[in-house]
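# Structural description and commentary
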Amino acid sequence: MINVFQPTLGEQELAAVAEVFNSSWLGSGPRTRQFEEAFAAHLGVDPENVLYINSCTAGLFLATELLELGMGDEVVLPSISFVAAANAVASCGATPIFCDVDPHTLNPSLEDVAAAVTDRTRAVVLLHYGGYPGDVARIAEYCRKQGISLVEDAACAVDSRVAGRACGTFGDIATWSFDAMKVLVTGDGGMLYARDRSVADRARRLSYHGLQQANGFTKAQVSHRWWELDVREFARRVIGNDLTAAIGLVQLSRLPEFVTKRRQVTEYYRRELVGMPALRLPPPLPAGHRTSYYFFWIQMDAAIRDKVAADLYRNDIYTTFRYPPLHRVPAYGSTSVLPGSDQSAEETLCLPLHQGLDQADIHHVVTQLRKSLEANANH
Ligand SMILES: *Cc1c(COP(=O)(O)O)cnc(C)c1O
């Protein structure tokens, strides 16, 4: 079976994990700090503003706490978002308001976001679909002018930029995912960035029991009675650990290699599929934009999409659609009418895209896809 997503892990990661075993320090410690520093350098921000946590979902929940969102507040997010973003908003008592997306990029335009904003809007939670930055720069500028906070769900955008500036650094808070299906993986893990230093400090407290604390592993910072508690807020425990951070450090050093490979697969798909009747490819990357090439998606008539997915599956090719529109999930009680999101959900299929694909794999994908499209077009 050709997977749609798959991590690349090897001897280097294994050696890094072995080193952590030998150090006997598995918890949050020196490797965690090193990973935060390396990731901050990758983003071009101060390491004090970056925090390694155990998932992107935890980061989204933290963001709602850091922004003190609650009852009566509205938060705008694209309907084509991962379920975690809406859950984070709904669980703090705020109301998720879903906005539409462009049916070809699957990202919302500034106009889509602005159309959902009311005088109760406190925040926007924006992702970068498939790693493509979309309108993030304009949306960030708009939010700043309106006094609305911007949270970037940067789970897809580990190596995405606009004019050299890293996605995730446009808004007030951002959170990345390193779960097993992402470009950079640590098993489970996430990074949180807060533009404001005091917000980042508070995020550190909220990620570990609400405790004001020195880093336990640095001897110099240990106080006279180091076991005493300084509880500032009542909070959970969502910190990362050295075992996964050690994997993350290796993966971060390999990120350019991963993204290059994903770009090559994307270019192959484009070259082979361009001009195919009944098939639409993702729009080209705008000048100055850089993507992480997290998804490669194709679009076709809604009447044949599921048949094509089934044909590919029968030929050992797994495909999927990310992300099923949230305005159609009854639990969120949305009454929004979002034709772009509906169209995206019916016409889009994400093809296998990962570093482990070889030439035979992608040739097989393209061949079977062509065959299926031709067969279905004749019906
Ligand atoms: C994967 C993903 C998440 C969740 O990440 P976890 O680290 O698994 O919590 C959130 N948002 C988007 C856009 C994602 O793709």
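Residue numbers run consecutively from 1 along every chain, following the written order of its sequence. pLDDT decides what is reported in this predicted model: residues at 70 or higher carry local features, side-chain atom pairs at 80 or more are listed and counted, and totals for whole chains, interfaces and linings draw on all residues regardless. In computing side-chain values, all of the structure's heavy atoms are included and hydrogens and water are not.

### Description of the site of the ligand
All residues adjacent to the ligand are Ser-55, Cys-56, Thr-57, Phe-82, Asp-153, Ala-155, Cys-156, Ser-177, Asp-179, Lys-182, Gly-189 and Tyr-323. Between an oxygen atom of the ligand and a side-chain N or O atom of Thr-57, the distance comes to 2.5 Å. We define a polar contact as two N or O atoms separated by no more than 3.5 Å, with the added condition that, inside protein, one atom must be a possible hydrogen donor and the other a possible acceptor, whereas residues neighbouring each other in sequence contribute only through side-chain atom pairs. A distance of 3.2 Å is found between an oxygen atom of the ligand and a side-chain nitrogen or oxygen belonging to Lys-182. Proximity is defined per residue: if any heavy atom of the residue lies within 4 Å of a molecule or strand, that residue is considered near it.

### A few points about unusual backbone geometry
Cis geometry marks the peptide bond from Arg-322 to Tyr-323; its omega dihedral reads -10 degrees. One non-glycine residue, Ala-278, lies in positive phi territory at about 70 degrees. A run of DSSP states H or I qualifies as a helix once it reaches four residues; a run of E qualifies as a strand once it reaches two. Both are numbered from the N-terminal end. Mapped onto the elements of the fold, Ala-278 is located in the loop between helix 8 (242–273) and strand 10 (289–290). The backbone phi angle of Tyr-293 is positive, close to 50 degrees, even though this residue is not glycine. Relative to the elements of secondary structure, Tyr-293 occurs in the loop between strand 10 and strand 11 (296–299). Residue Tyr-293 is classed as buried on the basis of its relative accessible area of 13%. Any residue under 20% of the maximum accessible area for its type is buried, any over 50% is exposed, and the rest in between are partly exposed; the area is computed with a 1.4 Å probe on protein chains only.

### Structural notes on the nonpolar core
Joining through side-chain atoms within 4.5 Å is the link that ties buried Ala, Val, Leu, Ile, Met, Phe, Trp, Tyr and Cys residues into a set, and such a set is a nonpolar core. By size, the foremost hydrophobic cluster in this structure holds 83 residues, and its most contacted members are Tyr-129, Trp-176, Phe-178, Tyr-269, Leu-273, Ile-298 and Leu-351. Per-element accounting of this core gives the leading share, nine residues, to helix 8. In this entry, domain limits derive from an automatic or database-based domain assignment. Per-domain counts for this core show at least three residues from each of domain 1 (11–251) and domain 2 (255–376). Contact partners of Tyr-129, with chain neighbours within four places excluded, come to Ile-80, Thr-105, Leu-106, Asn-107, Phe-295, Trp-297, Phe-321, Arg-322, Tyr-323 and Cys-350. Judged by nonpolar contacts, the second largest core, of 31 residues, contains Ile-53, Ala-85, Val-89 and Leu-206. Residue contacts follow a heavy-atom distance rule, with two residues in contact if any of their heavy atoms lie within 4.5 Å.

### Quick look at the packing of helix 3 (residues 56–66) against helix 7 (residues 197–206)
Axis definition: a line fitted to C-alpha atoms, over the contacting stretch in the case of helices. Angles run 0 to 180 degrees between N-to-C directions. Two elements in contact, helix 3 and helix 7, have axes whose closest approach is 10 Å; the angle formed by their N-to-C orientations is 120 degrees. What the angle tells us is that helix 3 and helix 7 run oblique. Here helix 3 runs over helix 7; the crossing is right-handed. Touching Leu-62, Glu-65 and Leu-66 of helix 3 are Val-199, Arg-202, Ala-203 and Leu-206, all from helix 7. In the scheme used here, Gly and all other residues not listed as nonpolar or charged are polar, with Ala, Val, Leu, Ile, Met, Phe, Trp, Tyr, Cys and Pro taken as nonpolar and Asp, Glu, Lys and Arg as charged. Split by residue class, the contact of helix 3 with helix 7 holds five nonpolar, no polar and two charged. Angle categories are assigned with fixed cut-offs, so that under 35 degrees is roughly parallel, over 145 is roughly antiparallel, 65 to 115 is roughly perpendicular, and the rest are oblique. Crossings are classed by handedness, with left-handed meaning an anticlockwise turn of the near helix from the far one by less than a right angle and right-handed meaning a clockwise turn.

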